[in-house]
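Given next are the chains, with one letter for each unit.
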There are 2 protein chains.
Amino acid sequence: MPDARFQPLTGFRDFAPQEFALRAYLFGTWRKVAHRYGFVEWEAPTLEATELYLKKSGGELPTQLFRFVDQGERDVTVRPELTASLGRIAAAYQREYTKPLKWFEIGSCFRYEKPQKGRLREFVQFNADILGEAGEGSDAELIALAIDCMREFGFTSDDFVVRVSDREVWLRYAAEHGVPEEKTGDFLAIIDKFERDRPEVCQEKLDAFGMKRADLEAFIQNPPAGCSPRYEAVLEELKARGLADYVKLDLYVVRGLAYYTGLVFEIFDKGHSLRAIAGGGRYNGLVATLSNGAVDMPATGFAMGDAVIAHLIEACPAARALRDAAVKPDACDVCLVLAAAEMRPQMLALASSLRDAGVRVDLPLSPAKMGNQLKRAEKIGATYAVIVGSEYPDLELKNLATRESRKTDIEGLLTELMPEAQA
Amino acid sequence: MPDARFQPLTGFRDFAPQEFALRAYLFGTWRKVAHRYGFVEWEAPTLEATELYLKKSGGELPTQLFRFVDQGERDVTVRPELTASLGRIAAAYQREYTKPLKWFEIGSCFRYEKPQKGRLREFVQFNADILGEAGEGSDAELIALAIDCMREFGFTSDDFVVRVSDREVWLRYAAEHGVPEEKTGDFLAIIDKFERDRPEVCQEKLDAFGMKRADLEAFIQNPPAGCSPRYEAVLEELKARGLADYVKLDLYVVRGLAYYTGLVFEIFDKGHSLRAIAGGGRYNGLVATLSNGAVDMPATGFAMGDAVIAHLIEACPAARALRDAAVKPDACDVCLVLAAAEMRPQMLALASSLRDAGVRVDLPLSPAKMGNQLKRAEKIGATYAVIVGSEYPDLELKNLATRESRKTDIEGLLTELMPEAQA
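Keep in mind it's a predicted model, so treat the numbers as computed, not measured.

Reading the values: the criteria
Going along each chain's sequence as written, the residues are numbered from 1 onward. Here every chain gets a letter starting at A, and every ligand a number starting at 1, in the order they are written. Where totals are concerned, whole chains, interfaces and linings use all residues; where local detail is concerned, this predicted model gives features only for residues with pLDDT of at least 70, and gives and counts side-chain atom pairs only at 80 or more. Side-chain numbers here rest on the full set of heavy atoms in the structure, without hydrogens or water. Two strands qualify as a pair provided that DSSP identifies no fewer than 2 bridges between them. Only DSSP runs of H or I reaching four residues or more are called helices, and only runs of E reaching two or more are called strands; each is numbered from the N terminus. To get an axis, a line is fitted to the C-alpha atoms, and for a helix only the part in contact is used. The angle between two axes follows their N-to-C directions and goes from 0 to 180 degrees. Each angle is binned into one of four classes, with values under 35 degrees roughly parallel, values over 145 roughly antiparallel, values of 65 to 115 roughly perpendicular, and all other values oblique. Contacts: residue pairs with any heavy atoms within 4.5 Å of one another. Each residue gets one label: Ala, Val, Leu, Ile, Met, Phe, Trp, Tyr, Cys and Pro are nonpolar, Asp, Glu, Lys and Arg are charged, and the others, such as Gly, are polar. Should a side-chain nitrogen of Lys or Arg be within 4 Å of a carboxyl oxygen of Asp or Glu, the pair is scored as a salt bridge. A 1.4 Å probe rolled over the protein chains alone gives each residue an accessible area, and that area as a share of the maximum for its type sets the label: buried under 20%, exposed over 50%, partly exposed in between. When the near helix sits turned anticlockwise from the far one by under a right angle, the crossing is termed left-handed; a clockwise turn instead gives a right-handed crossing. The term buried area refers to how much accessible surface (probe radius 1.4 Å) is lost by two components on association, counted for both of them together. Pairs of N or O atoms within 3.5 Å make up the polar contacts considered here, provided that, within protein, one atom can donate a hydrogen while the other can accept it, and that residues adjacent in sequence are counted only when both atoms are side-chain atoms. Geometry of aromatic contacts follows a simple scheme: Phe, Tyr and Trp rings, the Trp one being its six-membered ring, pair when their centres are within 6.5 Å, and the pair is stacked under 30 degrees between planes, edge-to-face over 60, tilted otherwise. Geometrically, a lysine NZ or arginine CZ counts as sitting over a ring once it is within 6 Å of the ring centre and also within 35 degrees of the ring normal.

Peer 1: Please clarify how the sheet that holds strand β10 (residues 278–282) of chain A should be interpreted in this entry.
Peer 2: The pairing of strands in a sheet comes from backbone hydrogen bonds and takes either a parallel or an antiparallel form. Residue and element names in this part refer to chain A. An order of β1-β5-β6-β11-β10-β9-β7-β8 is seen for the 8 strands of this open sheet, with the pairing classed as mixed. The sheet is open, and its two borders are formed by β1 (40–41) and β8 (247–249), each paired with just one other strand. In this structure, β1 lies alongside strand β5 (residues 101–110), joined through 2 bridges in parallel fashion. The residue of β5 that forms the bridge with V40 is W103.

Have a look at this one:
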C-alpha cells in the first residue's frame, strides 16, 4: 500500500510501475483490436476553448467542467470528453483523408464529479468513431469492435451484453402520442431515467404528457416487430460476423446527450452491478454544429472507460487470468552481476553490446555484494542473471526461473538472447 | 494543410492520424531504449495541488502555470513538469520497489509561455530518473540512456553533444572567490545566463562580486585539471560503454532550477541552432523536500521534449530517413473488396475470421463501386486487396504494391497473412 501522506488530488490516480502495467495492458488491448479493424489513432489537445464544449453539450456535462480563465484571459477547459475535439479536428483535416474516417483515440478526460467505484475525476477513455458514412454497416462495425475488445479481455456473452436502441423509435412514439416537438427532449430524458427513477417519480413526470408508466413499460418489454429497421440491419451484419449473441434491442437505452440522432448503445455487465462499460451512438449533426455548418459528415462512435473495465476484469476469473499473464514485472531480460570489481569496464562494454542488440539489460550502478545483486535481479523480474567475473570473457548464465547455471561467452549470450530481444 | 477555421488553442496541437504517427514513432523509440536500459514506466495525474510545484520550484516556472481554483475550492495546476509528481509518488511507493528505482514517463506538460519554434504550451516530455542511488554510476547510466535515444533516432556525434557540468565546481569557485553563501544562487544565475547575456550586462552583474568576466571565461574555457572528480568518474563509465565521444565537460551549463545538487547536463545540436534537446542532473534533496523530510532518496534524472527533437530529425538526413521508414500510412494488412453484393454476409464472416487471427482488415461499410473500393484500399495503405465475389469461397488476392493478383481461398489467405499478423 502506498504511503497515505503523499496522495494525489481526490479522484485522481498515481500510476507507479505496477499500476502502469495494468494501464498498458488495457491500452495495448484496445489498440490491438482497433488496428485489426483498420482504425488509425489520433490525439486531441488536453485543453480546449470552453465554447467548444458548450456548443455541443447537453446533459450534466457543463456543470462538471474543470474550467478556468488562463493567463491570456481565455475561457478554457480541461477536456471532459473527446467527441467535441474529434468534430473540430475532423472538420479541419477531413480533406486529407479518404472517407469514411475510422479513427480511435486513447486518452485522459476530466470531470468534476463525486468520485465513487468506477467513477474518477481523471479517467481514460478509448474512443472509436466512424465519420463520413451514414449506413448501418458503420454502426455494426463499431459495435463489433466494442464486442471484440471485450472478447479480447476474456469476456464472453455470459459476462456482458450490448443494449442497442434506436432514438427514432422514441421520436416516432412521441409524435404518435402527441408530444409537442419542442418537448421531445424532455420526453427522452424521462426514458433515460426510466430504470433509475422510482416508479411514482417517473409517473409524475409522465403525467405532463398524459402517459401511463405501465404502457411505456409494456412497449419497452415487447417492442412492436419491425419498429427499428436500423436495428434489424445491424443485427444482420452482426449475425454474419458471428456476434449476434452479444446484442439485444433494449429501448430503455436512449443516452443522455442531446446530439445523438439514431442508433445508440450501451454495454453492461450481465449482473448490471456496475456503471456502463461503454456507450455511444450515431451523432449525424454534430460535426456540422461544431464547424458552424462548414463541414457536414454523418458520424457514429463510442467510448469505453478504463475504470469500470478494470473492476469487471477483477470480478471475472477468465479475464483476470489473461490480465495476470500480461501484467507481470519483467523489467529486463538480463541482469548483469559483477563478481570482480576490476571487471567493471568489461561489464559496461558487455551491457552496451547487449543493449545495442535490443536486449533489455540492468546492471549494478555502484559496488554491491553478489548476493544483493542476485536478489535485485529476481525482484525486478529478470529472466537471466549473467555473472561477470575475473574469468571474463567467460561468463556464467543463470536462468532465474529454473536456477540452472552454465558457462557461456558474449557470442553465446547474444545467440541465446536474440529471440527474446525480438519479442 | 488543415482548414484554418478549426484550430486548437494557441500553443496546443492537434494530432490527426498522420501527425499521430510521428508522435507514436517518438514515443516508441523512447520506450524501446528505456526498456533496454531496464527502466519501467510510470504515469502521474495531469492535475496536482499547486503547492506541490511551489514547494519545489525556482526559476520562471511559477509564473508559467496553468493554475486555477477548482469547483471544490482547491488551488490546482495542470502539470508543468513531472519531477514534482515523481518525488511525491516515489515517496509514497518506494517501499514496494527494490532500489534503485529506474523509472521513466512519457506525457504532456503545460506551460503558459510565448509559443515559438520548439516551444509549445502543451508539449510531451520523456522523463527518465534513477532514485535511491548516489554514485556516479547512475549519472552515467542516465547520460548513456539519453545518448542511446539520440543514436536510435539516427543521430551521431556529428549531430549533437552532451554538455556535462558540475555545480560543485561553481560552488567551490564561489566560496574561493568570496561569494557569501546566501548569494550563491545569484552567482549561479549569472553563469546560467553567461552565454546569452551581452558581455557588458554580464560584467555589470559580476561587479557585485568583484569578478571579471574575462577571468570566468578563461576558467570555463580551461577548467583546471581534476576540478570535477564526478565528471571524471562519469567519463570513465561512458568510455567503457564506447560513448565518450558524445560528451564534454562544459562549465557554461548550470541549469536554471534551484534544486540541482551535483552533475548537470544538457544536450544540444552541434549547430546550437535550437533550444536544448534534453536537460537534467542530480537533485539529491528534492524527494526529502517534497515529502517534508519523511523520505530521503538521492536522485538524478533528465527530460527530453518532443518538439525540438521533431525539428532536429527534420534537419538531419539520416534521422529523417529512419523516421520516414517508420512513419508510413498502413492502416491495414487487407482491404476486403466486395464484387458481388449478395456475398456481403460471407465477406463479413471472412473479415471476422481474419481479424480473430490478428490480421488488420478494412472492409466496405456500404455498397460501393469496385473501383472506389480499390482506390480506398490504396489510399489507406493496405498491403493486399482481397476480392470477394460470386466465386466465393474462391478469392482473389491482389498485392497492391506489385499489382500481382492470384486466386486463393480462406485457408490460403490465413497461411499467407499470418506472418504479417504476427509482426
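Peer 1: Explain the sheet that holds strand β3 (residues 66–69) of chain B here, please?
Peer 2: All names here are of chain B. Pairing in this open sheet of 3 strands is antiparallel, and the strands run β2-β4-β3 from one edge to the other. The sheet is open, and its two borders are formed by β2 (47–49) and β3, each paired with just one other strand. On average, adjacent strands in this sheet sit at an angle of 30° to one another, irrespective of strand direction. With 4 bridges connecting them, β3 and strand β4 (residues 75–78) associate as antiparallel partners. Across the sheet, residue R67 finds its bridge partner in β4, namely T77.

Peer 1: Can you help me understand the packing of helix α1 (residues 17–36) of chain A against helix α11 (residues 306–315) of chain A in this one?
Peer 2: If you want to describe how two helices pack, look at the angle between their axes and the distance between the axes. Residue and element names in this part refer to chain A. Viewed as axis vectors pointing N to C, α1 and α11 meet at an angle of 105°, and their least axial separation amounts to 11 Å. As the angle between them shows, α1 and α11 are arranged roughly perpendicular. In this structure, α1 uses L22, Y25, L26 and W30 to contact α11, whose residues at the interface are D306, I309, A310 and I313. In terms of residue class, the contact of α1 with α11 is made up of 7 nonpolar, no polar and 1 charged.

Peer 1: Would you explain the pattern of salt bridges in this entry?
Peer 2: For side chains of opposite charge, pairing can occur when their charged atoms come near one another. By the definition in use, this model includes 72 salt bridges over all chains. With a closest N to O distance of 3.0 Å, E43(A) and R79(A) form a salt bridge. One end of the pair, E43(A), is in the loop between β1 and β2 (47–49); the other, R79(A), is in the loop between β4 (75–78) and α3 (83–93), with 36 residues separating them in the sequence. The pair formed by E43(A) and R79(A) is uniform in burial state, with each residue classed as buried. For E141(B), the salt bridge identified is with R355(A), shortest N-O distance 2.7 Å. With E141(B) in helix α4 (residues 136–152) and R355(A) in helix α13 (residues 344–356), the pair connects residues from two separate chains. In the salt-bridge network here, residues are joined through shared partners; they are K102(A), E141(A), R241(A), R355(B), D362(B) and R376(B).

Peer 1: Looking at this model, I keep getting lost on the packing of α1(A) against helix α4 (residues 136–152) of chain A. Mind explaining?
Peer 2: Residues and elements named next belong to chain A. Between α1 and α4, whose axes approach to 9 Å, the crossing angle comes to 135°. As summarised for this structure, α1 and α4 are arranged oblique, according to the angle between their axes. Relative to α4, α1 is oriented so that their crossing is right-handed. Across from Y25, T29, W30, K32, V33, A34 and R36 in α1, the residues of α4 making contact are L145, D148, C149 and E152. By residue class, the composition of the contact of α1 with α4 is 6 nonpolar, 1 polar and 4 charged.

Peer 1: What am I meant to see in the interface of chain A and chain B here?
Peer 2: Accessible area lost upon the coming together of the parts serves often as the stated size of an interface. Of the residues lining the interface, 96 residues belong to chain A; the matching set on chain B comes to 96 residues. Summing both partners gives a buried area of about 8100 Å² for chain A against chain B, and 56% of it is carried by carbon and sulfur. Across the contact surface, chain A and chain B share 10 salt bridges. In this structure, R88(A) engages D14(B) in a salt bridge whose closest nitrogen and oxygen atoms are separated by 2.7 Å. Linking chain A with chain B are 42 residue pairs in polar contact (both at pLDDT 80 or more). Looking at the side of chain A that touches chain B residue by residue, the classes come out as 45 nonpolar, 18 polar and 33 charged.

Peer 1: I tried to follow the packing of aromatic side chains on my own but got confused; where do I start?
Peer 2: The geometry of an aromatic ring pair is captured by the separation of the ring centres together with the interplanar angle, meaning the angle of the planes. The tally for this structure, following the rule as stated, stands at 45 aromatic pairs over all chains. Ring centres 5.8 Å apart and planes at 80° place the aromatic pair F126(A) and F302(A) in the edge-to-face group. In this pair, F126(A) sits in strand β6 (residues 122–131) while F302(A) sits in strand β11 (residues 299–305), placing the two residues 176 residues apart along the sequence. We note that F126(A), like F302(A), is buried. Between the aromatic rings of W170(B) and Y173(B), the centroid separation amounts to 5.5 Å while the plane-to-plane angle is 65°, which identifies the pairing as edge-to-face. Placement of the pair is W170(B) and Y173(B) together in helix α5 (residues 167–176), with a separation of 3 residues, close to one helical turn. Cluster of aromatic residues (ring-pair linked, three or more members): F12(A), F66(A), F68(A), Y112(A), F12(B), F66(B), F68(B) and Y112(B). One residue, R355(B), lies across the ring of Y37(A), its end atom 3.7 Å from the ring centre.

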